[in-house]
Amino acid sequence: MGIIAYVFGGIGLFLLLDGAVLHLGIAAALPWFTAFLAGATGTLIALVWYFDIKARERAKKKRGKAFTAMMVDICVCILAVCELIVNMLSRLA
């Protein structure tokens, strides 16, 4: 379950990077909210993973990995919203 959270976070980061720096056209071909959805999905998966580990009293190390995945995915969500705001403001000007 953990690798899925990291994969969604990676997809979101790649889409943000493509839209802001690389300009490969992948992010432009997808709907504007795709990076945010990838981050949000990764966050929910990491949250379920974290509470699953916590409920089973597993090692603290695994909980740390789940928490890290959750924080990365939350950062993807925040960056995606910031990118959307910047894009909207740049179109208004």
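Computed from a prediction, not measured in an experiment: that's the story for all the values here. (Residues numbered from 1 in each chain as written. Predicted model: local features only at pLDDT ≥ 70, side-chain atom pairs only at ≥ 80, totals over all residues. Heavy atoms only, no water.)

Draft legend 1. Structural detail: the overall build of the protein chain. Per the secondary structure count, the protein chain includes four helices and zero strands. Listed N to C, the secondary structure of the protein chain is α-α-α-α in terms of helices and strands. Viewed in the frame of its principal axes, the protein chain has a C-alpha envelope of about 55 × 20 × 15 Å. Evaluated residue by residue, the protein chain yields a buried proportion of 27% over its 93 residues. Sequence-distant contacts in the protein chain: of pairs separated by 6 or more residues, those separated by 24 or more amount to 61%. (Helix = DSSP H or I, 4+ residues; strand = E, 2+ residues; numbered from the N terminus. Buried < 20%, exposed > 50% of the residue type's maximum accessible area, 1.4 Å probe, protein only. Contact = heavy atoms within 4.5 Å.)

Draft legend 2. How the structure looks around the nonpolar core. Counting residues in each nonpolar core, the largest one holds nine residues, listed as Ala5, Ile45, Ala46, Trp49, Tyr50, Ile53, Ala66, Ala69 and Met70. Among the elements of the structure, helix H3 (34-55) and helix H4 (60-92) are those that each provide at least two residues to this core. Ranked by the residues each element gives to this core, the list is headed by H3, at five residues. Residues Leu15, Leu16, Ala35 and Ala80 belong to the second largest nonpolar core, which totals five residues. (Core = buried A, V, L, I, M, F, W, Y, C linked by side-chain atoms within 4.5 Å.)

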